[in-house]
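A look at the structure
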There are 2 protein chains.
Amino acid sequence: MKLTSRGRYAVTAMLDLAFHSKNGPVSLSAISERQNISLSYLEQLFAKLRRTKLVASVRGPGGGYTLNKEPQLLSVGEIIEAVNENIDATKCHGKSDCQGGERCLTHSLWQNLSDRISDFLNQISLQELMQKRDVKEVVGRQSCFKTASKDGSIDVLQMLVTKENL
Amino acid sequence: MKLTSRGRYAVTAMLDLAFHSKNGPVSLSAISERQNISLSYLEQLFAKLRRTKLVASVRGPGGGYTLNKEPQLLSVGEIIEAVNENIDATKCHGKSDCQGGERCLTHSLWQNLSDRISDFLNQISLQELMQKRDVKEVVGRQSCFKTASKDGSIDVLQMLVTKENL
DNA sequence: TCAATACCCGACTATTTTAGTGGGTTAAAT
DNA sequence: ATTTAACCCACTAAAATAGTCGGGTATTGA
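Computed from a predicted structure; not experimentally measured.

The next thing to look at is the packing of helix α1 (residues 5–20) of chain A against helix α2 (residues 28–35) of chain A. Residue and element names in this part refer to chain A. Packing of α1 against α2 leaves a shortest axis separation of 10 Å and a crossing angle of 115°. Viewed along their axes, α1 and α2 adopt a mutual orientation that is roughly perpendicular. Remark: the crossing between α1 and α2 carries right-handed chirality. Residue-level contacts link Thr12, Ala13, Asp16, Leu17 and His20 of α1 to Ile31, Arg34 and Gln35 of α2. Along the lines of polarity and charge, the residues of the contact of α1 with α2 split into 3 nonpolar, 3 polar and 2 charged.

Here it is as structure tokens:
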């Protein structure tokens, strides 16, 4: 399970989608404007989300994307995995080439951890995130309005992302 | 909270350290050999781990590194954070520049998720990982011995890491 | 019909991060 | 003294990330 800004973009976009899909499909350009993510980049992400059946698309004017599952059935974990295209071949679980029990042990230990992270993220649904309405209070606390500092990067705790116009 | 192979290297090395620090400090070259991580790269990681006081160093012959905390007090989360050097300035929590409640809302929602991931990783100790002795069974299952496939990359579930000689 | 919308797709680029090298300095033990 | 190993740069190659460009194709509403 990899966790980078790519995944954050995907989750952010899916949240936006969830919030706005009440009346018909949502266009990427709308998400692009609201969340300030480049349109073409969104297209790339949504191509993957579509391939993994997390979203469905409607072409033509008035078209856009819709969630392909109920928000409560859509886990954050699968969104992140979807956009991270992990072609894990020749990995250690199954059979591989790490010699000696020593090294393999640490690998197993790490894998154990990785499994737990995956499980954790798979148990958090979009719905659950959306219902976090204590967020409103957070919004209130933050001076989140017109502090226009140009290249200011918004970020999430310790997730390192430099120079993002977000 | 970023989660990449860098963090895996760090946790792996710290696990190795924990397992071998019974009798004195452990040298990086020993870890390098056992875990097959380049020495110089380990040096970079341990420089950070030392700055954040997670390990202590002893110079000279017979020197090396020791854990600076008991394994049960050392969380996986802090190890990963330590090597990821997040200089998060101008972020949204506190005050920032995202205009309008719309965008800020999604940010807050994501932050909420990020916090939960952090909390989760901070609750997992090295000790706890080390005690996962069902791992032995895993080691048994895996044909983890001399399947020398040259550039074979070991990996952890969906954590994408290409061409690692690990 | 036809033009606007918006998905679709691939190649291409810049920046950043990752991982690893090399060369040297300092400290301590034999 | 010599060796060992931490320490500390600066530099590099490769990869991933984020974004651009330019062309499609399908759908719809005027």
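Further remarks concern the pattern of salt bridges. Residues and elements named next belong to chain A. Scanning the entire structure with this criterion turns up 6 salt bridges over all chains. Between glutamate 78 and lysine 69 there is a salt bridge, and its shortest N-O distance comes to 3.0 Å. You can call lysine 69 partly exposed: its relative accessible area is 31%.

Residues and elements named next belong to chain B. When strand β1 (residues 55–58) meets strand β2 (residues 64–67), the two strands line up antiparallel, connected through 4 bridges. Across the sheet, the residue bridging to alanine 56 is threonine 66, located in β2. Hairpin connection between β1 and β2: a loop of 5 residues separates the two successive antiparallel strands, and glycine 60 in this loop has a positive phi of roughly 85°.

Neighbouring DNA strand C are 31 residues; Tyr65 of chain A together with Ser5, Ser40, Tyr41 and Arg59 of chain B lie closest to it. In the interface set of DNA strand C, defined as its atoms within 4 Å of the protein, sugar plus phosphate atoms amount to 65%. In the model, a base oxygen of DNA strand C is placed 3.3 Å from a nitrogen or oxygen of the proline 61 of chain A main chain. Between DNA strand C and tyrosine 65 of chain A there is a distance of 2.7 Å, counted from a phosphate oxygen to a side-chain nitrogen or oxygen.

Before going further, it helps to spend a moment on the protein's contact with DNA strand D. Lining the immediate environment of DNA strand D, one finds 26 residues, of which Ser5, Arg59 and Pro61 of chain A together with Ser57 and Tyr65 of chain B sit closest. The sugar and phosphate moieties of DNA strand D supply 65% of its atoms located within 4 Å of the protein. The side chain of lysine 2 of chain A places a nitrogen or oxygen atom 2.7 Å from a phosphate oxygen of DNA strand D. At 3.2 Å, a backbone N or O of arginine 6 of chain A approaches a phosphate oxygen of DNA strand D. Elements with a contribution of two residues or more to the surface near DNA strand D: α1 and α3 (39–51) of chain A together with α3 (39–51), β1 and β2 of chain B. When grouped by side-chain class, the residues that make up the surface near DNA strand D number 7 nonpolar, 12 polar and 7 charged.

Once that is clear, we can look at the confidence of the model for chain A. Caution applies to low-pLDDT regions: their predicted coordinates should not be interpreted in detail. Residue and element names in this part refer to chain A. Averaged over every residue, the pLDDT of chain A is 74; the share at 70 or more is 69%. Within the model, the stretch residues 88–96 combines pLDDT values under 50 with 27 contacts to residues more than four positions away or in other chains. In the predicted structure, residues 135–166 sits below a pLDDT of 50 and forms 101 contacts with residues beyond four places in sequence or in another chain.

Quick notes on the rules
Residues numbered from 1 in each chain as written. Chains lettered and ligands numbered in written order. Predicted model: local features only at pLDDT ≥ 70, side-chain atom pairs only at ≥ 80, totals over all residues. Heavy atoms only, no water. Axes fitted to C-alpha atoms, helices over the stretch in contact; angles between N-to-C directions. Helix = DSSP H or I, 4+ residues; strand = E, 2+ residues; numbered from the N terminus. Parallel < 35°, antiparallel > 145°, perpendicular 65-115°, else oblique. Left-handed = near helix turned anticlockwise from the far one by under 90°. Contact = heavy atoms within 4.5 Å. Nonpolar A, V, L, I, M, F, W, Y, C, P; charged D, E, K, R; others polar. Salt bridge = Lys/Arg side-chain N within 4 Å of Asp/Glu carboxyl O. Buried < 20%, exposed > 50% of the residue type's maximum accessible area, 1.4 Å probe, protein only. Pairing = 2+ DSSP bridges. Near = heavy atom within 4 Å. Polar contact = N/O pair within 3.5 Å; in protein donor to acceptor, adjacent residues only side chain to side chain. pLDDT = per-residue confidence, 0-100.

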